[in-house]
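# Fold and contact review
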Amino acid sequence: MSAAYVVAGALAAGGVGVAASGDSTLRRRWLTWAVTAPVVGGLLALGEPGAAALASGLGVVASCEYARLARLARADRALLVAAAALLPVASAMTPRATAVAPWLALLAAVPAIAGADRTNGLRRAALTAFGVLWIAWSLSHLVLLGGTAFAVCAAVSVADVTAWCGGRWIGGPRLSRLSPNKTWGGVAGAALGAALTLRLLGVPSYALLLAVVVGGVLGDLLESMAKREAGVKDAGSWLPGFGGLLDRVDSLLVVLPLAWLVTS
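A brief report on the enclosed structure follows.

Conventions we followed
Residues numbered from 1 in each chain as written. Predicted model: local features only at pLDDT ≥ 70, side-chain atom pairs only at ≥ 80, totals over all residues. Heavy atoms only, no water. Pairing = 2+ DSSP bridges. Helix = DSSP H or I, 4+ residues; strand = E, 2+ residues; numbered from the N terminus. Axes fitted to C-alpha atoms, helices over the stretch in contact; angles between N-to-C directions. Left-handed = near helix turned anticlockwise from the far one by under 90°. Contact = heavy atoms within 4.5 Å. Expected span 1.5 Å × (residues − 1). Buried < 20%, exposed > 50% of the residue type's maximum accessible area, 1.4 Å probe, protein only. 1 Å grid on protein atoms, 1.4 Å probe; cavity = no way out; pocket = protein on both sides within 12 Å on 5 of 7 lines; lining within 4 Å. Points joined across faces, edges and corners; volume = space filled by probe spheres on them. Nonpolar A, V, L, I, M, F, W, Y, C, P; charged D, E, K, R; others polar. Core = buried A, V, L, I, M, F, W, Y, C linked by side-chain atoms within 4.5 Å.

## Describing the pairing of strand 2 (residues 179-183)
Along any regular strand, the residues point their side chains to alternate faces of the sheet. Pairing geometry for strand 1 (residues 174-176) and strand 2, over two bridges, is antiparallel. Along strand 2, the bridge assignment pairs Ser176 with Ser179. Counting the residues in the hairpin turn of strand 1 and strand 2 gives two residues.

Here's what the structure looks like:
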């Protein structure tokens, strides 16, 4: 089935459900999906250049939000943002570019070393290195996934909606103390939504489904852990219904490399 029809159908069905729920937060989320879905789909339809542009843009914004959560110094933030902006572009030129990610993670220690930071240097280096891998390296897989990238993004987005529905209607045991609202019912809902989306888009794969569900859960909990330590509810406040961009792409950041691993 055409990707455009699947997205339009999902948005239409979601709109009906949102209207019936009367939930104002869900309504803002749906409006954000309605605006961003054509943009993401349009860029990915352009192939590697569009995927690289999308990954770089997402990476820069997400890196800035992460830097605030981690309280990174200005030099550390600059290194992280540069990696997020350039690594996807380099990956579009040659897939081997992602192999430099561990070296970039090691270079994350340079600002602290140069500043002779004896009290906070190791923490700065570790958090910046993690940001390079979590954001810059992960988003580069939007380029590496090629034609599968849209299906993965769509499955993650739909899984996010159906996870909310499953958590609200099925409930069940709590998944983790890091995120009290996440339940095993939500995981079941996410699996159902992702499976249906992948099938409609013509890529029914148990391995890919597992990558979307497991990666989505881990990504969500990972960002929750970062926000808990920072003492904030959201990574930002500018994206209606979500908070910040990192709150929107947290699942994707783990799903992308897993999806590439099971499809390469």
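## Considering the packing of helix 10 (residues 184-200) against helix 11 (residues 206-230)
Running from amino to carboxyl end, helix 10 crosses helix 11 at an angle of 140°, the nearest separation of the two axes being 9 Å. Handedness of the helix 10/helix 11 crossing: right-handed. Every residue of helix 11 that contacts helix 10 at Val187, Ala191, Ala194, Ala195 and Leu198 is listed here: Leu208, Leu209, Val212, Val213 and Val217.

## Details of helix 9 (residues 149-169)
In a regular helix each residue adds 1.5 Å, so 21 residues correspond to 30 Å; helix 9 covers 30 Å between its end C-alpha atoms and thus fits that length. Among all positions in helix 9, only Ala149, Phe150, Ala151, Val152, Cys153, Ala154, Ala155, Val156, Ala159, Cys165 and Gly166 are buried. In the segment just after helix 9, Gly171 is the residue with positive phi, at about 70°.

## Focus: the layout of surface pockets
For the second largest pocket, the calculated volume is near 1100 Å³. If you trace the second largest pocket, you find 40 residues lining it, with Arg29, Ser179, Asn181, Lys182 and Asp220 closest to the centre. For the lining of the second largest pocket, the secondary-structure elements that each account for two or more residues are helix 2 (24-45), helix 9, strand 2, helix 10, helix 11 and helix 12 (245-263). The residue inventory of the lining of the second largest pocket, partitioned by class, reads 17 nonpolar, nine polar and 14 charged.

## Let's talk about the side chain of Ser251
Within the fold, Ser251 resides in helix 12. Judged by its relative accessible area of 13%, Ser251 falls in the buried class. Apart from the residues lying within four places of it in its own chain, the contact partners of Ser251 are Val156, Gly215, Gly216, Gly219 and Asp220.

## As for the nonpolar core
Side chains that are nonpolar tend, in soluble globular proteins, to be buried together. Of all hydrophobic cores here, the largest spans 57 residues; its most connected members are Leu44, Tyr66, Ile135, Leu139, Leu142, Val152 and Leu246. Of all the secondary-structure elements, those providing two or more residues to this core are helix 3 (48-70), helix 4 (74-93), helix 7 (121-139), helix 8 (141-144), helix 9, helix 10, helix 11 and helix 12. Among the elements that line this core, the one with the most residues is helix 3, at ten residues. The contacts of Tyr66, once residues within four sequence positions are left out, are Leu72, Leu80, Leu127, Phe130, Gly131, Trp134, Ile135 and Leu246.

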